[in-house]
Amino acid sequence: MSLSIDWFAFIQVFLAALLAAVLVVGFYSLGLRLLVRAGRVPVVGPAEFTDAITVITVKDAQRAAKAAAKAARKSPLTAGQRQVAAVGAYLSFGMAALAVLGGLLLIIFNH
Amino acid sequence: METATLIVVMIIVLALFFDFTNGFHDTANAMATPIATGALKPKVAVLLAAILNLVGAFLSTEVAKTISSGIIREDQIDPNAFLPLIFAGLIGAITWNMFTWLLGLPSSSSHALFGGLIGATIVGAGWMAIDYGVVLSKVILPAILAPLTAGIIAFLATRLAYAMTRRYDAKPDGRDGFRWGQIFTSSLVALAHGTNDAQKTMGVITLTLIIAGWQSSADADPQTWVILACAITIALGTYMGGWRIIRTLGKGLTDVKPAQGFSAESSTAATILASSALGFALSTTQVASGSVIGSGLGRRGSSVRWRTAGRIMIGWLFTLPAAGAVGGIMALVVAWLGGWGIVIDAIFAVVVILTIFLLSRRNAVTAANAMSEVAESGTAVKVTRNPPPTRRQRAALRAEARREKEASK
């Protein structure tokens, strides 16, 4: 009976998963940060499921939309700077997607 | 039809039924969080989960190989005696799975499967028929380490997400945007689920085919029709089980914020996919639960409710031996009664499945008996409504207080 345990494989899983999660969450968060900077604060519409819970009330959604519009109006940035921030935001989202795609391709080609 | 052929057919049918219940059980693991935070509508979420489970089943076969050529030493067992043992093990797994589902007890489909197979093999073929090195390194250690890994990663990812989007000027922080991101990450969890869980059934069917002599033991890869059948079955189970998600929403995930949900799902998907690539057979439920707890702790001012966390963990600990015991009893019936034992086991399986199905129809589905330990793990972390300020916020408050003091002088 052999009880050899490949501890390196566990470390590999931890590091690979950590790297993937940090890349995806990091780039996505950066994208959101830049999107806000560009004056395009993401606002999700109200959602409600009758036999479960109210996710966002109409009132909350309206309040969020109003705050977002106000923040966009009061932005100290020039139109050009906002444009750059928006491009940066979409690039960050793209990087997050690329990180996922890269991970999946690694799994497929290592198989 | 020969007896051996009949048993092989029965095992394949039972294994596919297990695959179906696995999908049925686990839809919520992927899709409960995005529905809870309003990122996806339930019907869309369920359909998406089903499609991605189907696709995920084709990504890798490492986990299937672990099961078909690692855990059990087929070369040390008489093939004719071993087929009924796989059958008994599957009945043990399904019985335990459905029993815990009916009672709302925390469990893991994957560990029920391993427990059932190991228990039946030990009883029917002896202790030496199991490769404990593989069981320890590919099943038990991943079961302990994977939720921990997912929890630590989710903790760090949540901290990162909050730190990167935090604002100190009281303007909107844009964290609502994580709801859209959750469509993406929950899809990844569904894909990862298909990659790891569908393979477990592929592994059992492949093991059966090898034992029956219908596939060479030198090539432990699942055949294409096996991959296709398992992928379709898990996707179907995911779709059929999806409507129950709505019932679990009020239970524990209402406190999960979009940034937290996004981080938890990223961590779950990353951990499962990385593990699948290396052939670790994980419980996706446990990984998802670890992530939800870790991401909850990643929020400022949070603490663990040890009683709830302990209840979930005790449920996990019991799954493997309990399913093993049921599988062992089923194998004992086969060992004592031979062919009649198989018939009795088959009748038992049908009776258990029908009884539990009828009981579940009669009793109202509530958050307590529906499913999703992941939703329950959301309640294992207590998050304060007013979290303590960050270092920078404290500095700003101190500066403001100083200014006010100077102004009053």
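Residues numbered from 1 in each chain as written. Chains lettered and ligands numbered in written order. Predicted model: local features only at pLDDT ≥ 70, side-chain atom pairs only at ≥ 80, totals over all residues.

Draft legend 1. Seen up close, the overall build of chain B. Along its length, chain B carries 15 helices and two strands. Intrachain contacts of chain B at a sequence separation of at least 6 include 90% that bridge at least 24 residues. (Helix = DSSP H or I, 4+ residues; strand = E, 2+ residues; numbered from the N terminus. Contact = placed C-beta atoms within 7 Å.)

Draft legend 2. Expanded view of the overall build of chain A. When you go through chain A residue by residue, the secondary structure sums to three helices and two strands. For chain A, the sequential pattern of α-helices and β-strands runs α-β-β-α-α. Here chain A, with 111 residues, has 30% of them falling under the buried criterion. Excluding contacts between residues fewer than 6 apart, the proportion of contacts in chain A whose partners are at least 24 apart in sequence is 69%. (Buried ≥ 20, exposed ≤ 12 C-beta atoms within 10 Å, placed from the backbone.)

Draft legend 3. Molecular detail of the environment of Phe18 of chain B. Following the sequence through the fold, Phe18 of chain B ends up in helix 1 (residues 3-36). For the pair Phe18 of chain B and Ile94 of chain B, spaced 76 residues apart in the sequence, the C-alpha separation amounts to 6.2 Å.

Draft legend 4. Fine view of the interface of chain B and chain A. Each side of the interface is counted separately: chain B has 46 residues, and chain A has 48 residues. Elements with a contribution of two residues or more to the side of chain B that touches chain A: helix 6 (132-165), helix 7 (178-211), helix 9 (245-252) and helix 10 (258-277) of chain B. Here the side of chain B that touches chain A gets 13 residues from one element, more than from any other, and that element is helix 6 of chain B. Of the residues in the side of chain B that touches chain A, the class split is 23 nonpolar, 18 polar and five charged. (Nonpolar A, V, L, I, M, F, W, Y, C, P; charged D, E, K, R; others polar.)

Draft legend 5. Here's a closer look at the packing of helix 6 of chain B against helix 11 (residues 284-297) of chain B. All names here are of chain B. In the contact formed by helix 6 and helix 11, the axes pass within 7 Å of each other and the chain directions differ by 35 degrees. For the pair helix 6 and helix 11, the sense of crossing is right-handed. On helix 11, the residues that touch Ala143, Ala146, Pro147, Leu148, Ala150, Gly151, Ile152, Ala154, Phe155 and Thr158 of helix 6 are Gln286, Val287, Ser289, Gly290, Ser291, Ile293, Gly294, Ser295 and Leu297. Class assignment for the residues of the contact of helix 6 with helix 11 results in 11 nonpolar, eight polar and no charged. (Axes fitted to C-alpha atoms, helices over the stretch in contact; angles between N-to-C directions. Left-handed = near helix turned anticlockwise from the far one by under 90°.)

Draft legend 6. Main features of helix 1 (residues 7-37) of chain A. With 31 residues, helix 1 of chain A extends 44 Å from end C-alpha to end C-alpha; this agrees with the ideal 45 Å at 1.5 Å per step. Taken from the residues just after helix 1 of chain A, Gly39 of chain A is the one with a positive phi, measuring 80 degrees. (Expected span 1.5 Å × (residues − 1).)

Draft legend 7. Quick look at the environment of Ser263 of chain B. Positionally, Ser263 of chain B belongs in helix 10. If sequence neighbours within four positions are ignored, Ser263 of chain B has contacts with Val25 of chain A together with Ala154, Ala157, Thr158, Ala161, Ser295 and Gly298 of chain B.

Draft legend 8. The confidence of the model for chain A, seen in detail. Residue and element names in this part refer to chain A. Considering every residue of chain A, the mean pLDDT works out to 80; 82% of them sit at 70 or more. Ranking the elements of chain A by mean pLDDT puts strand 1 (residues 47-48) last with 52 and helix 1 first with 92. Scored below 50 in pLDDT, residues 48-54 makes 11 contacts in the model with residues more than four places away or belonging to other chains. (pLDDT = per-residue confidence, 0-100.)

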